[in-house]
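Commentary on secondary and tertiary structure
Residues per chain are reported as follows:
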Amino acid sequence: MTVPPASGRIRVMICDDSSVIRSLISRILREEPSIEIVASVANGAVAVDTLKQTGADVIVLDVEMPVMDGLTALPLLLQIDPSVKVIVASALTSSGAAIALKAIRTGAADCLHKPRADTREQFAHEIRAKVLAYQRRPRSAAGSSPIAARTTPAIAVRPMSLRRPKLIAFGSSTGGPQALFSIFGALSACLTQPLLLTQHMPPIFTKSLAEHLDRLGHRPCVEAEDGMMLLPNRLHVAPGDRHMLVEAVGDQFRARLTDSPPENSCRPSVDPMLRSAVVASRGQVLAVILTGMGRDGAAGARDVVDAGGAVLAQDEATSVVWGMPGAVARDGLCQAVLPLDGIAAKIRELAGAA
């Protein structure tokens, strides 16, 4: 039985076999008054025992450790407390990215890459933002998930007037990979439209995400390349640190990648993808905004609906963070606000899939 929190602060456990990394993360997070470090441990086995005794809201979990690694510890931690948010930290390598994505499929909420000497400032910004996104919400019963206790407030939605879309575009951030695995696992119908995805992730991680989505088997999924033709029923993932734009080529479309400045502090960003998709398709875009921090995608969603397209948003109850979908919902830009398990069916309906 975990110990309930005694304060309103976000209670964080750090699990990493490197004392240097543990110390660095502790220093970064202690700068936030709303964050409390409740434990700092060196392997997964100690993390499991500690969670039973002290409880935590967020665990920053290394994936490669002696005694018990992160992948082994993760299901045990979630068994003790299904509501705990686990952020896996891995090296910025192909193998590290693959392990991080496997952890997300196992139940981790998010991932980030470990800091190097030249990325410590960016790492500090990212880890603070990710932890602060998990502000604790009341639980409906002892041991139950706080997600189950949330309800999305009544949101005014727009009437549906979209003709069959020519492009389907997804935007997601924190909690996005979990949501994408769920949607694309259920979206088995063959679609006649190209699919686009901007997920806030660093380079290498986006390629691994595309590979994991490809393994679901319902459609090819690739990391986009500059000049790549966008094919029907194929998902094209924006590469880390590049914006992905859409360009019309006759009746077809191709991807353009750009190093233009970040938007909404993000590169890749959802907004430029949606803006360019509106122009390329003359407004025949279906945009799907999923769980994530901030407002990225809201400006682009406005362009979509102003041009006659449609926007779907994930509801608060099933979002890890109701930032991005909440922004488009509160701005009155959605034709529907849906639970995660209802999104695939709505896409099939609007896309005209059998």
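The structure contained in this document is the topic of the report that follows. (Residues numbered from 1 in each chain as written. Predicted model: local features only at pLDDT ≥ 70, side-chain atom pairs only at ≥ 80, totals over all residues. Heavy atoms only, no water.)

Grouped together as the largest cluster of nonpolar side chains are 62 residues, with contacts concentrated most on Phe 170 and Ile 347. Among the elements that make up this core, the one with the highest residue count is helix α11 (residues 340-351) (six residues). Those residues in contact with Ile 347 that sit more than four places away from it in its chain are Ile 168, Phe 170, Ile 183, Leu 187, Leu 286, Val 288 and Leu 312. Ranked by size, the runner-up nonpolar core spans 33 residues in total, among them Met 273, Val 285, Ala 313 and Val 328. (Core = buried A, V, L, I, M, F, W, Y, C linked by side-chain atoms within 4.5 Å. Buried < 20%, exposed > 50% of the residue type's maximum accessible area, 1.4 Å probe, protein only. Helix = DSSP H or I, 4+ residues; strand = E, 2+ residues; numbered from the N terminus. Contact = heavy atoms within 4.5 Å.)

According to the stated counting rule, one finds one aromatic pair in the structure shown. Seen from their ring centres, Phe 170 and Phe 184 are 5.1 Å apart, and the 55° between their planes marks the pair as tilted. You can see Phe 170 sitting in strand β6 (residues 167-172) and its partner Phe 184 sitting in helix α6 (residues 176-186), a full 14 residues away along the chain. A single burial state applies to Phe 170 and to Phe 184, both of which are buried. A cation sits over an aromatic face here: Arg 105 above Phe 181, 5.0 Å from the ring centre. (Phe/Tyr/Trp six-rings, centres within 6.5 Å; stacked < 30°, edge-to-face > 60°. Lys NZ or Arg CZ within 6 Å of the ring centre and 35° of its normal.)

So, on to the environment of Leu 196. Checked against the element boundaries, Leu 196 lands in strand β7 (residues 195-199). Those residues within four positions of Leu 196 in sequence are excluded, and the remaining contacts are Ile 168, Ala 169, Phe 170, Leu 230, Leu 235, His 236, Met 244, Val 246 and Met 273.

Take Ser 173: it is sitting in the loop between β6 and α6. Using a relative accessible area of 8% as the deciding quantity, one classes Ser 173 as buried. One polar contact links Ser 173 to His 200, side chain to side chain, over a distance of 3.0 Å. Each residue touching Ser 173, except ones within four places of it in the same chain, is listed here: Gln 199, His 200, Thr 291, Gly 292, Met 293 and Met 324. (Polar contact = N/O pair within 3.5 Å; in protein donor to acceptor, adjacent residues only side chain to side chain.)

Our next topic: the sheet that holds strand β12 (residues 285-289). Reading across from one edge, β8-β9-β7-β6-β12-β13-β14 is the order of the seven strands in this open sheet, with parallel pairing throughout. Looking at strand neighbours, the two that pair on one side only are β8 (221-223) and β14 (336-338), the edges of this open sheet. Sheet twist, expressed as the average angle between the axes of neighbouring strands with direction ignored, equals 20°. With three bridges joining them, β8 and strand β9 (residues 235-237) adopt parallel strand pairing. Following the sheet pairing, Glu 223 is matched in β9 by Val 237. (Pairing = 2+ DSSP bridges. Axes fitted to C-alpha atoms, helices over the stretch in contact; angles between N-to-C directions.)

So, about the pattern of salt bridges. In the structure shown here, the tally under the stated rule is 14 salt bridges. Residue Arg 256 is joined to Asp 226 by a salt bridge in which the shortest nitrogen-to-oxygen separation is 3.5 Å. Here Asp 226 lies in the loop between β8 and β9 and Arg 256 lies in strand β11 (residues 252-258), a separation of 30 residues in the sequence. Take Arg 256: its relative accessible area is 29%, and that puts it in the partly exposed class. With a shortest N-O distance of 3.4 Å, Glu 247 and Arg 256 are connected by a salt bridge. Judged by its relative accessible area of 28%, Glu 247 falls in the partly exposed class. Within the structure, one salt-bridge network assembled from shared partners comprises Asp 226, Glu 247, Arg 254 and Arg 256. (Salt bridge = Lys/Arg side-chain N within 4 Å of Asp/Glu carboxyl O.)

Our next topic: the sheet that holds strand β5 (residues 110-113). Pairing within the open sheet is parallel, and its five strands lie in the order β2-β1-β3-β4-β5. Here the strands that pair on one side only, and so sit at the sheet edges, are β2 (35-41) and β5. Along the sheet, successive strands turn relative to each other by an average axial angle of 20°, direction set aside. With four bridges joining them, strand β4 (residues 85-90) and β5 adopt parallel strand pairing. Within the sheet, the bridge partner assigned to Val 88 lies in β5 and is Cys 111. In the packing of helix α3 (residues 70-80) onto the sheet, the strands contacted are β3 (58-62) and β4, and the crossing angle to β3 comes to about 160°.

The analysis is restricted to geometry; functional conclusions fall outside its scope.
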